[in-house]
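Chain residues, written in single-letter form:
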Amino acid sequence: MGDGEPRVPTAIAVTSADLALPPQDERTLPAAVLQDVGRRPLEQVLTELQTLVDQCGHVIVVCSQAVPASVERRLHTVRALLETDRIALFRPPLPPLGIAVLARQLRQLASCDLGAGVLASAGRLLTHYIHAGALLGSVARLDRVPVDLKAHARSWVPGSQFGVVAHPEPQLVRIGPEAALPGPEFGTSLLVAKGQLPSDWVTGTLAPSWRVQGLRETALPAESADWWGTGRLTEFCAYLPDLSVLYQLVTSVRQSACHWCGIDVIGDRCVFCSATPPVYDGGGGGAAGSAPERALGHRRDPALGRRRERRALTG
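Our subject in this report is the structure included herewith. (Residues numbered from 1 in each chain as written. Predicted model: local features only at pLDDT ≥ 70, side-chain atom pairs only at ≥ 80, totals over all residues. Heavy atoms only, no water.)

1. What about the pattern of salt bridges?
- Applying the stated criterion across every chain, the model contains six salt bridges.
- A salt bridge links R40 to E48, with the shortest nitrogen-to-oxygen separation between them at 2.4 Å.
- Judged by its relative accessible area of 21%, R40 is partly exposed.
- Residue E48 is classed as partly exposed on the basis of its relative accessible area of 24%.
- The salt bridge partner of R79 is D85, with a shortest N-O separation of 3.4 Å. Comparing R79 with D85 shows no difference in burial state: the two are buried. (Salt bridge = Lys/Arg side-chain N within 4 Å of Asp/Glu carboxyl O. Buried < 20%, exposed > 50% of the residue type's maximum accessible area, 1.4 Å probe, protein only.)

And the structure:
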């Protein structure tokens, strides 16, 4: 792991306090909690994020796809008003507990010698290594994982329970003596958040079958009941806990400069400006011919008008 650390680490922000998990190790940085973003006055949220940008240079906001629409709109509004590409809004397809785990992994990596663009891109990479699911008392209102008619019918049978994995691949089984959910093929720790359902099957059956190397419990995020369609649940998430492993994963991927804003990234999309690599036409003509011009002429300091154009095109 690199010895040098940035003087001012990139801020990792979450949209509620229950997504700011306790530190995994002594190097885990605290999360910036953007509490009640959708309900507080716009001026307060604007000032809060401007202060974070001024202090840390870049801010990565990790939020669930279950957040109210008002929160998402407010975050996009603030980013537009600040006219900055230094705020990344990252909404991976993970349940709330998985969001909290991913945010903590980024908080671990924020202490290392990684640039803001690489750190933000790392969120997309690390999402693939997270196995997130829940034990549910009903799947009647579950709309984020495919549910067949038989499972829907069984939801009405008193005492029925279902094991569900939402990520990385959807899985659903009715809990019984032979029930099993395929898990990660690498060493992980398991975080369990108990709701209004006993966690015995998760801790006594699932954890041993997944050969987890550690098990911890935490409070259930407030967004979980909405995400899973029921409050009768216990949520779980298997993840890579060690900073050295996370760092090795991220630094093993080739880095490149975003052709639009110039920041170093990994992968095929800049999380800060939403740009993807240009597609070059073999003939060198037409619209594709303007891509090299953008890459060479506007790499480090694009005009404000072009930034606005990029946001309009990518959302």
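2. Brief notes about the sheet that holds strand β8 (residues 189–194)
- Taking strand neighbours across the sheet as the criterion, the six strands line up as β7-β6-β5-β10-β8-β9 in an open arrangement whose pairing is mixed. Across the chains shown, the open sheet's two edge strands, defined by having one partner strand only, are β7 (171–174) and β9 (215–219). Neighbouring strand axes in the sheet, compared pairwise and without regard to direction, differ in orientation by 20° on average.
- Here four bridges tie strand β6 (residues 162–167) to β7, and the two strands are oriented antiparallel to one another. Pairing of F162 across the sheet is with R174, part of β7. (Pairing = 2+ DSSP bridges. Helix = DSSP H or I, 4+ residues; strand = E, 2+ residues; numbered from the N terminus. Axes fitted to C-alpha atoms, helices over the stretch in contact; angles between N-to-C directions.)

3. Side note on the pairing of strand β3 (residues 59–62)
- Across the two faces of β3 the burial is the same, with V59 and V61 and I60 and V62 all buried.
- Pairing of strand β1 (residues 11–14) with β3, which is carried by four bridges, proceeds in the parallel orientation. Within β3, the residue paired with A13 across the bridge is V61.
- The sheet contact formed by β3 and strand β4 (residues 87–90) spans four bridges and is parallel. Looking at β4, one finds that V61 is bridged to L89.
- Taken together, β3, helix α2 (residues 69–82) and β4 form a β-α-β motif whose crossover is right-handed. (Right-handed = clockwise from strand over helix to strand, strands pointing away.)

4. Some thoughts on the packing of helix α3 (residues 96–109) against helix α8 (residues 243–251)
- Running from N to C, α3 and α8 cross one another at 85°; their axes reach a closest spacing of 10 Å. Overall, the two elements α3 and α8 adopt an arrangement that is roughly perpendicular. Taken together, the residues of α8 that come into contact with α3 (itself represented by Q105, Q108 and L109) are L243, L246, Y247 and V250. (Parallel < 35°, antiparallel > 145°, perpendicular 65-115°, else oblique. Contact = heavy atoms within 4.5 Å.)

5. Let's talk about the layout of surface pockets
- Considered as a void within the structure, the second largest pocket measures approximately 260 Å³ in volume.
- Lining the second largest pocket we find 13 residues, and of these T15, D36, R39, P68 and V71 sit closest to its centre.
- Taken together, the residues of the lining of the second largest pocket sort by class into five nonpolar, five polar and three charged. (1 Å grid on protein atoms, 1.4 Å probe; cavity = no way out; pocket = protein on both sides within 12 Å on 5 of 7 lines; lining within 4 Å. Points joined across faces, edges and corners; volume = space filled by probe spheres on them. Nonpolar A, V, L, I, M, F, W, Y, C, P; charged D, E, K, R; others polar.)

6. Comments concerning unusual backbone geometry
- Residue H167 is joined to P168 through a cis peptide bond whose omega torsion reads 15°.
- As for its position among the elements, P168 is in the loop between β6 and β7.
- With a phi angle near 55°, D36 is a residue other than glycine that sits in the positive phi range.
- Checked against the element boundaries, D36 lands in the loop between β2 (32–33) and α1 (42–56).

7. Considerations on the environment of V118
- Looking at the element boundaries, V118 is found in helix α4 (residues 116–127).
- Residue classification places V118 among the buried residues on the basis of a relative accessible area of 3%.
- Filtering out sequence-adjacent residues up to four positions away, V118 remains in contact with V250, Q255, D264, V265 and I266.

8. Points about the packing of aromatic side chains
- Enumeration according to the criterion identifies three aromatic pairs in this entry.
- Where W210 meets F236, the ring centres are 5.8 Å apart and the plane angle is 80°; that geometry is what we call edge-to-face. Of this pair, W210 sits in the loop between α6 (200–209) and β9 while F236 sits in strand β10 (residues 233–239), and the two are 26 residues apart along the sequence. Assigned by exposure class, W210 and F236 land together as buried.
- Judged by centre distance (4.7 Å) and plane angle (65°), the rings of W227 and W228 are edge-to-face. The pair W227 / W228 is uniform in exposure class, with both members buried. (Phe/Tyr/Trp six-rings, centres within 6.5 Å; stacked < 30°, edge-to-face > 60°.)

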